Amino acid sequence: NTYNLTLSSRGVQMESVSSIQDWGGGTSIDLGVLEPADLYISNKDMETTVNTSMYQEIIPKKWRFVWGWYSYYRGSASYGIGKGMNGSNCLILKSNSNDPDLDVDIAIAQKATGLTPGKSYIATAYIKTENVAAGSGSDPNFVGIGGHIAVEGAYAAKSASVTGTTDWTRVTLNIDVVDSDNLNFCLKLGNSWASSVGTVYFDNITFTENKNPTKYV
């Protein structure tokens, strides 16, 4: 098989290549084994347009805005053309008001597939926030206030959250797969008992196998 490594000012989309060779000098740069860009989840860089209509089913290969806490009239999702990192595209979640009494728990999600039970995976994302804060319905004892990435479920794995008004911040999520070859991977504003307000931008997702499962990133 032949794969490509695409480099641009808007970011890097990695494909499965083993080396870059300088044919003139006969030398090569070893890149190791890189996973295909659409392995586990697709459209990680958000450069393919996303339909942000509301759905109730999470499916493979497509990002979907899914129902959540008062999402029908308190929150929304949009596709941010030119609003991502370095002028790229991104996905956006926002509450319709910054009033803490009008808080939300909303998500854009995709079903990650091709996973191996018993293995560990690492997901990362870049998140930017505007006026993100806890809502009046949140409990400070629960993780998930603000913008973050997570596995679906109130007590499932979550990354650190980003709140306030920030520039692009990288977050990391460590995932242990127990007994299934798939899971629902979510980009979140708020979470169960951690409802939030504000606007969150998501870009440049990665989802890879953790080759050293005894070491979390």
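Each remark here, short or long, concerns the structure printed above.
Below you will find a few notes about this structure.

## Some details on the nonpolar core
Consideration 1: Core analysis: the largest hydrophobic core is formed by 35 residues, its most contacted members being Trp-63, Ile-175, Leu-183, Phe-185, Leu-187 and Phe-207.
Consideration 2: Among the secondary structure elements, those contributing two or more residues to this core are β7 (75-80), β8 (90-95), β9 (105-113), β10 (120-134), β11 (147-151), β12 (164-176), β13 (182-189) and β14 (196-209).
Consideration 3: Broken down by element, this core gets its largest block of residues, five residues, from β10.
Consideration 4: What Phe-185 contacts, discounting residues up to four positions off in sequence, is Ile-41, Trp-63, Ile-108, Ala-109, Gln-110, Ala-123, Ile-149, Ala-150, Leu-173, Ile-205 and Phe-207.

## A closer look at unusual backbone geometry
Consideration 1: A positive phi is found at Asn-86, a non-glycine position, where the angle reads about 55°.
Consideration 2: As for its position among the elements, Asn-86 is in the loop between β7 and β8.
Consideration 3: For Asn-86, a relative accessible area of 59% corresponds to the exposed category.
Consideration 4: Phi angles above zero are rare outside glycine, and Asn-204 is one such case at about 50°.
Consideration 5: In this fold, Asn-204 is placed in strand β14.
Consideration 6: Overall, Asn-204 belongs to the partly exposed group, its relative accessible area being 22%.

## Considering the sheet that holds β10
By way of backbone hydrogen bonds, the strands of a sheet pair with one another, either parallel or antiparallel.
Consideration 1: Here we have five strands laid out as an open sheet, ordered β7-β8-β14-β10-β12, and antiparallel in their pairing. Looking at strand neighbours, the two that pair on one side only are β7 and β12, the edges of this open sheet. Taking each pair of neighbouring strands and ignoring which way they run, the sheet shows an average axis angle of 25°.
Consideration 2: Sheet topology places β8 next to β14; four bridges connect them, and they run antiparallel. Bridge pairing in β14 places Ile-92 opposite Tyr-201.

## Considering the side chain of Arg-74
Consideration 1: The residue Arg-74 is located in helix α1 (residues 71-74) in this model.
Consideration 2: A polar side-chain atom of Arg-74 sits 3.2 Å from a polar atom in the side chain of Asp-103.

What counts, and where the lines are drawn
Residues numbered from 1 in each chain as written. Predicted model: local features only at pLDDT ≥ 70, side-chain atom pairs only at ≥ 80, totals over all residues. Heavy atoms only, no water. Core = buried A, V, L, I, M, F, W, Y, C linked by side-chain atoms within 4.5 Å. Buried < 20%, exposed > 50% of the residue type's maximum accessible area, 1.4 Å probe, protein only. Helix = DSSP H or I, 4+ residues; strand = E, 2+ residues; numbered from the N terminus. Contact = heavy atoms within 4.5 Å. Pairing = 2+ DSSP bridges. Axes fitted to C-alpha atoms, helices over the stretch in contact; angles between N-to-C directions. Polar contact = N/O pair within 3.5 Å; in protein donor to acceptor, adjacent residues only side chain to side chain.

Fair warning: the whole summary comes from geometry, so function is off the table for now.
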